[in-house]
Amino acid sequence: MYQFSRALYRELAPLIQEDRYGCASQNRQGFLAACEGSFRRLGSDRHYFARPARTLFNDIRFYFPMSCQMRVYRTIDRYMKVAAEYVDHREQEGLSLDGTPLSCHASTRKGTPCQRIPLPGSKYCPSHKHLEEDFAAAAA
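First things first, this report covers the structure right here in the doc. (Residues numbered from 1 in each chain as written. Predicted model: local features only at pLDDT ≥ 70, side-chain atom pairs only at ≥ 80, totals over all residues. Heavy atoms only, no water.)

### Considerations on the pattern of salt bridges
Moving on, step 1. Applying the stated criterion across every chain yields a total of three salt bridges.
Moving on, step 2. One salt bridge connects arginine 78 with glutamate 11, and the closest N-O pair in it is separated by 3.0 Å. Placement of arginine 78 in helix α4 (residues 69–92) and of glutamate 11 in helix α1 (residues 2–12) is noted, with a sequence separation of 67 residues between them.
Moving on, step 3. One salt bridge in this structure joins lysine 81 and aspartate 77, with 3.4 Å as the shortest N-O distance. Of this pair, lysine 81 and aspartate 77 both sit in helix α4, four residues apart, roughly one helical turn.
Moving on, step 4. Judged by relative accessible area, aspartate 77 falls into the partly exposed class, the value being 22%. (Salt bridge = Lys/Arg side-chain N within 4 Å of Asp/Glu carboxyl O. Helix = DSSP H or I, 4+ residues; strand = E, 2+ residues; numbered from the N terminus. Buried < 20%, exposed > 50% of the residue type's maximum accessible area, 1.4 Å probe, protein only.)

### A closer look at the side chain of serine 38
Moving on, step 1. By the secondary structure assignment, serine 38 is in helix α2 (residues 25–44).
Moving on, step 2. Non-local contacts of serine 38, meaning those with residues more than four positions away in its chain, are made with Phe49, Leu56 and Met80. (Contact = heavy atoms within 4.5 Å.)

### As for the packing of α1 against α4
Moving on, step 1. Two elements in contact, α1 and α4, have axes whose closest approach is 10 Å; the angle formed by their N-to-C orientations is 165 degrees. Classified by the angle between their axes, α1 and α4 sit roughly antiparallel to one another. Remark: the crossing between α1 and α4 carries right-handed chirality. Between α1, through Phe4, Ala7, Leu8, Glu11 and Leu12, and α4, the contact on the second element is made entirely by Val72, Thr75, Ile76, Arg78, Tyr79, Val82, Ala83 and Tyr86.
Moving on, step 2. Considered class by class, the residues forming the contact of α1 with α4 number ten nonpolar, one polar and two charged. (Axes fitted to C-alpha atoms, helices over the stretch in contact; angles between N-to-C directions. Parallel < 35°, antiparallel > 145°, perpendicular 65-115°, else oblique. Left-handed = near helix turned anticlockwise from the far one by under 90°. Nonpolar A, V, L, I, M, F, W, Y, C, P; charged D, E, K, R; others polar.)

### Notes on the environment of alanine 7
Moving on, step 1. By secondary structure assignment, the location of alanine 7 is in helix α1.
Moving on, step 2. Remark: the alpha-carbon pair of alanine 7 and cysteine 35, spanning 28 residues in sequence, is separated by 9.9 Å.

Okay, structure coming up:
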């Protein structure tokens with residue numbers, strides 16, 4: 001996810017405005033930290049990060065002048081969509097972002113994490129697939 005956050009930073013960094021003391025370096029550091037945090041969360045907590053582009057934009061919009069904010073939002077949205085597709089593709093392959101196989105999100109009766117591999121397109125293994133069905137029914 002490092003590549004996505006740095007690419008976004010490189011594209012938008014020239015648009016960052018100076019703060020009231022005439023210093024843009026603090027704004028650049030804050031922008032970079034917000035980018036890295038959002039992309040890290042997208043990679044680790046994909047299913048519970050509902051609107052990553054909006055969240056990142058709300059975190060960093062005050063670093064940019066009003067005249068550039070639409071361009072900034074569209075750029076953030078484009079990069080977040082590409083990163084989300086990448087994360088989804090890795091999950092379909094059965095791999096996490098660091099290359100290790102995915103594991104089931106459920107816990108065993110003893111309270112330890114289930115070590116089985118989840119079904120394709122699911123967060124749960126065959127033994128725990130009923131948990132996803134129960135969640136979907138409760139949401140509907």
